[in-house]
Each structure stands twice: as C-alpha cells, then as structure tokens.
Amino acid sequence: MAESSAAWEPVPRSRTFELVLARIEEQILAGNLRVGDRLPPERELVELLGVSRAAVREALRVLEAQGVLRSRVGTGPGSGSVITAMPSNGLTQLLRLHLALANFPLQDVVEARATLERASARLAAGHASDEELTRIREPLVRMDDKALAREQFNDYDTAFHVAIAEAGGNRLMADMTVAVRNAVRGTLLTAFHKIGDWEPIAARLRADHHAIYEAIAAGDVERAGDLVERHVRGFHNDVVRKALDMPEAGVPETTGGGTTGTEPAQPSMP
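Residues numbered from 1 in each chain as written. Predicted model: local features only at pLDDT ≥ 70, side-chain atom pairs only at ≥ 80, totals over all residues. Heavy atoms only, no water.

S.K.: Would you mind going over the overall build of the protein chain with me for this structure?
M.R.: When its secondary structure is counted, the protein chain shows 10 helices and 2 strands. Going residue by residue from the N terminus, the α and β elements of the protein chain occur as α-α-α-β-β-α-α-α-α-α-α-α. Here the protein chain, with 270 residues, has 41% of them falling under the buried criterion. A fraction of 72% describes how many contacts in the protein chain between residues 6 or more apart in sequence connect residues 24 or more apart. (Helix = DSSP H or I, 4+ residues; strand = E, 2+ residues; numbered from the N terminus. Buried < 20%, exposed > 50% of the residue type's maximum accessible area, 1.4 Å probe, protein only. Contact = heavy atoms within 4.5 Å.)

S.K.: Please clarify how the side chain of His-231 should be interpreted in this entry.
M.R.: One can find His-231 in helix H10 (residues 221-244). Of the residues examined, His-231 reaches a relative accessible area of 5% and is grouped as buried. Of note is the side chain of His-231, whose polar atom sits 2.9 Å from the side chain of Asp-208. In this structure His-231 touches His-161, Leu-205, Asp-208, His-209 and Ile-212, once residues within four positions along its chain are discounted. (Polar contact = N/O pair within 3.5 Å; in protein donor to acceptor, adjacent residues only side chain to side chain.)

S.K.: Would you take a moment to explain empty space enclosed by the protein for this structure?
M.R.: By the definition in use, this model includes 4 cavities of 30 Å³ or more. Approximately 60 Å³ is the volume attributed to the largest cavity. When contributions to the lining of the largest cavity are tallied by element, the ones reaching two or more residues are helix H7 (150-167), helix H8 (171-194) and H10. Broken down by element, the residue count for the lining of the largest cavity peaks at 4 residues, all from H10. In the lining of the largest cavity, the residues fall into 4 nonpolar, 3 polar and 3 charged. (1 Å grid on protein atoms, 1.4 Å probe; cavity = no way out; pocket = protein on both sides within 12 Å on 5 of 7 lines; lining within 4 Å. Points joined across faces, edges and corners; volume = space filled by probe spheres on them. Nonpolar A, V, L, I, M, F, W, Y, C, P; charged D, E, K, R; others polar.)

S.K.: Please clarify how the packing of aromatic side chains should be interpreted in this entry.
M.R.: The geometry of two aromatic rings is summed up by the distance between their centres and the angle between their planes. Inspection of the entire model under this criterion finds 3 aromatic pairs. With centroids separated by 5.4 Å and ring planes inclined at 85 degrees, the aromatic side chains of Phe-153 and Trp-198 adopt a geometry described as edge-to-face. Taken together, the residues Phe-153 in helix H7 and Trp-198 in helix H9 (residues 198-217) connect sequence positions 45 residues apart. The burial state of Phe-153 is the same as that of Trp-198; both residues are buried. An aromatic cluster is present here, built from Phe-153, Phe-192, Trp-198 and Phe-235 joined pairwise through their rings. (Phe/Tyr/Trp six-rings, centres within 6.5 Å; stacked < 30°, edge-to-face > 60°.)

S.K.: Just to check I follow, could you spell out the pattern of salt bridges for this structure?
M.R.: Two side chains of opposite charge can pair, provided their charged atoms sit close to one another. For the structure shown, the criterion picks out 15 salt bridges. When the shortest N-O distance is used, the salt bridge between Arg-23 and Glu-26 registers 3.4 Å. Separated by 3 residues within a single helix, Arg-23 and Glu-26 lie in helix H1 (residues 16-29), roughly one turn from each other. As a salt-bridge pair, Glu-131 and Arg-135 come within 3.0 Å of each other at their nearest N and O atoms. (Salt bridge = Lys/Arg side-chain N within 4 Å of Asp/Glu carboxyl O.)

S.K.: Mind showing me how you'd approach the nonpolar core here?
M.R.: In terms of nonpolar packing, the biggest core is built from 39 residues, with Ile-136, Phe-160, Ile-164, Ile-216 and Phe-235 touching the most fellow members. Sorting the residues of this core by element identifies helix H5 (106-127), helix H6 (130-143), H7, H8, H9 and H10 as the ones contributing at least two each. Here the element with the most residues in this core is H10; it accounts for 9 residues. Setting aside its immediate chain neighbours within four residues, Ile-216 contacts Ala-121, Ala-124, Ala-125, Leu-133, Ile-136, Ile-164 and Ala-224. Formed by 18 residues, the second largest nonpolar core is a distinct cluster that contains Trp-8, Leu-33, Val-51 and Leu-69. (Core = buried A, V, L, I, M, F, W, Y, C linked by side-chain atoms within 4.5 Å.)

Here's what the structure looks like:
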C-alpha cells in the first residue's frame, strides 16, 4: 500500500458508512491511495476508524458499485480490496443517474450538449484517424435504412455522436457524451413517438449527420463544430420541444420557424 501522510482517524458514529467513504476519499485525493493499492483489511479499518465492521463493509460495497474498488479473494499481494481506475461505464452510469434525478430543464441539457459536442467535433476534425472515421460513418449507413424503427434510429444516432466524441481523443468528453445521451434517451423517444409524419424528420437528421461527417472527414474544424452545434440546438428547439408539447401524435403546423422567448415553460429532463 502507498505511504500514508494523512492519518486514519476515528470518525463520528452518525451516518457512519458515509464518513468511512469520506475518509477513504481523503486518502485517494491526498495521493496516499493510487490505482493498484490495497486498502487495509476490514478488521484494521474498523480499528483505525473506530467504526463497526458493518459500516466498513457498506462503504466498500458503495465503492465497488462506483467502480473505484475491486475485491479479490485470497492471501496474495493482489488480494483484498484494491483501488481500480473507474471504468467508463461506471462514470457514465453515475452521470446518467445524477442527470435524471436532478431533473434539469431540457434546455439546460441542450446547452450542455451543444457546447460539449461542438468541442468534440472540432477535436475529431483535427485528428480523427481513418479507422475512427469509419466508426463515425457506420451508424450513418444504418440510419439511411428507411425501414428502421424509431428506437433503432435513435440508437444509431447516439452511436454517431459517441463515435465523434471518441474520435476527438478526450475520454472525459466521450464519457460525458454517453451519459448525457443515455439520460435524454427517454425524452427523445417520447418526442419521436408523438411525431406523426416521421420520415421528413428522419431525413433532416440524416442530412445533418452526413454534413457533419463530411466536415470532420475533410478536417474542417470550424465547420464541423458549427454544424454540430446548429444540429443539436435546431433539432431540440424545432422538433423535440414542439413534439413534447403535443398531447397526441403529430407535429402541428407552424406559421414560423424556430423558437421564441415567449414559449411555455420547458419540460424537464427526462
């Protein structure tokens, strides 16, 4: 285990397992626990922190669920509770749940998506490899199938945006993109199923996506960023919000384009 400069001190007994979590977090943030290090055995943690074994075990279960800790049975150097790098799916699951529980206004999520995905598209246009371009293009080919169910279409749509984020080379941006897309999935599908004439909407999405891909493939950083931001904002404002306001299937005819500052309160996420 790494050398410890921060002492393991007893914790108050109220909300004990959360305070055990806080003590372990302090050790990680101080650099005293790193990936691959083992925590002290349960019995030793009980004595160091002055808590019950049940509190220690509950804290360790939480850390395992978060992907921060891995338990290994045995007596060798790799046994016990080992600090592990949080896998991407652990991070995205936590972000997705927090986004859903926080009940953010949809427009807040749209703003975050537009900013995040603009940056990702610019990065992808700057240095995407041929292999990464292929991964971005594959969902486009599948979305061109007009027989796709709306759920499948949405899944390929998500795969397209995630592939761009991954091609950008920023792992945190990619994980955040997955989390936000997963969190908003229910909202998007609700809107999709309220749209009566689906094909014109699908055609618009296909056109947007192909234009974004072409800009990235051409290495046009500015255009790629502009197109993604316009796509995210435009689709949510022109289609999703209007569909969510409809009690029955079908997008109403409009007399003007886009949205105005006098529209009804926006739905929450998701």
